[in-house]
Amino acid sequence: MLNIKEFLQAEIRPALGCTEPVCIALSCAHAALAIPDRVVEEIEVTLSPGLYKNAKGVFLPGSIQERGVHIAAALGAIAGDPKKDLEIFSSHTDTDIQKARQLVSLNKVSILIDEKKKGIYCRAKIKGGFDTSEAVISGLHNNLISIKLNGNELLTKDKDLSNHKQNELNVIDILKETPCDDLFDLLDKLSTQDLEFLKKGVEMNVNLALEGLNGKWGYNVAKTFLDYRDSGKESLETKIKKYVVAAVDARMGGCPYPAMSSAGSGNNGIVATVPVWVVKSHLKISEQDFLKSVCLSHLFTSKLKSHMGRITPVCSCGLSAGGGVAAAISFLMTNNKEIAKRAVNNHIVSMFGILCDGAKPGCSLKVLMAISSALNSISLAKKGISLTPYDGISGETLDDTLKNIELLSKEAYTHMDIKLLKVI
């Protein structure tokens, strides 16, 4: 049986910047700390195709204003503090950035891709003086499984930390086997402390949205296409799109504000929470019902992602978080779980197949499309319209549809990330 508190601890946490460069920086930081006096002369990073794809095109947060893999590895090795976890980019200085840039410019950072590795995998190898260290992260963006110095295993995991990481993996496995109906029952088990935690996450993501509207980040999609504040004609749908896309603009463009991530992704967290907040601001909804719906959004986001995989060739923020927010808003409006499940099914069947070609500022455009699909799916579900087994990958039930998606994700898309790398 899924424990709601364990779920919240495992799947929802602050992340500064895209979690794939974060993973690279974390592994390099762990490896660098194993070298005496943290001497860093050369860095070699080996990545799974999906991890490389997702890290290649996105801006690192803060004053760096550079994209991708090489600078993330160098900065992690030079100045990364693993204790910062998914917020590892929060403590670097301008001097650290210059040192990292120098390593990259001298071609001292090399990136390899291991096509046999799936999901999340990063091995950082660092040479300094007469020493060579190695650190491996696998399975989760911050799941350190090995540290070596000169070939000797150093890792003596703190038992509590090790158990915590295993609990995270167990939560994902349990969630995958949990019927969709049971997710609604978990909402009544939320404590006051849990609700406060969820509220903090919403506020964090709304702050990103406000920064996206007030600043200039990425392609500035929200302000360019969706700013109708002066016309007096802003609909609820337009406001939802504007705030969500603004947050993604900011995050993908290097904004130094953290997101409250969901299922390992900050964009997932934004899509799963910000639309629910906008709906709450328009309707007379109690704080408790609002926060329970936010939790439902996180639950369905993680549930869908557990069937797709942690890193996938399919757009996760569009499919998983879009499905999560479809469940949340429809349930918030109707208090009817059958309508909510119909909305999720309508959305994921329509959106499945939209490729993830890496994290980058252009993600805003895919999020814009995903939010439109989620809102349309809700409207249709409220009118009793639901896709059936005659509609392609749709199953008899939502759980059946998820099994179909899992089959396709594991078998039909096996080599998609490798092929995508040849293009991007």
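Everything numeric in this text was worked out from a predicted model, so none of it was measured.

*Asks:* Tell me about the overall build of the protein chain, and please be specific about residues and values.
*Replies:* A count of helices and strands for the protein chain gives 17 helices and eight strands. A compact globule built from 424 residues should have a C-alpha radius of gyration of about 22 Å, and the protein chain, at 21 Å, falls within 12% of that. Dimensions of the protein chain, computed from C-alpha atoms along their principal axes, come out at roughly 70 × 50 × 45 Å. For the protein chain, restricting intrachain contacts to residue pairs at least 6 apart in sequence, the fraction spanning at least 24 positions comes to 76%. Approximately 17400 Å² of the protein chain is accessible, and the part contributed by carbon and sulfur atoms is 50%.

*Asks:* Which residues make up the packing of helix α8 (residues 192-214) against helix α10 (residues 236-252), and what are the values?
*Replies:* At their nearest, the axes of α8 and α10 sit 7 Å apart, and the two run at 85° to each other. Considering the angle they form, α8 stands roughly perpendicular to α10. Residues Asn205, Leu208, Ala209, Leu210, Gly212 and Leu213 of α8 touch α10, and the partners they reach there are Lys242, Tyr243, Ala246, Ala247, Ala250 and Arg251. Looking at the contact of α8 with α10 residue by residue, the classes come out as eight nonpolar, two polar and two charged.

*Asks:* Kindly report on the pairing of strand β5 (residues 131-138), identifying the contributing residues and their values.
*Replies:* For β5, a buried count of six out of eight residues is recorded, marking the element as mostly surrounded by other parts of the structure. Two strands pair when backbone bridges link them, and strand β4 (residues 121-128) and β5 are joined in this way by eight bridges, in the antiparallel orientation. Following the sheet pairing, alanine 124 is matched in β5 by alanine 135. Once β4 ends, the chain turns through two residues before running back antiparallel as β5, passing glycine 129 with a positive phi of about 65°. Across five bridges, the pairing between β5 and strand β6 (residues 144-149) is antiparallel. Bridge pairing in β6 places alanine 135 opposite isoleucine 147.

How each quantity is defined
- Residues numbered from 1 in each chain as written.
- Predicted model: local features only at pLDDT ≥ 70, side-chain atom pairs only at ≥ 80, totals over all residues.
- Heavy atoms only, no water.
- Helix = DSSP H or I, 4+ residues; strand = E, 2+ residues; numbered from the N terminus.
- Rg over C-alpha atoms; globule rule 2.2 N^0.38 Å.
- Contact = heavy atoms within 4.5 Å.
- Areas by Shrake-Rupley, 256 points an atom, 1.4 Å probe, with all protein chains shown as cover.
- Axes fitted to C-alpha atoms, helices over the stretch in contact; angles between N-to-C directions.
- Parallel < 35°, antiparallel > 145°, perpendicular 65-115°, else oblique.
- Nonpolar A, V, L, I, M, F, W, Y, C, P; charged D, E, K, R; others polar.
- Buried < 20%, exposed > 50% of the residue type's maximum accessible area, 1.4 Å probe, protein only.
- Pairing = 2+ DSSP bridges.

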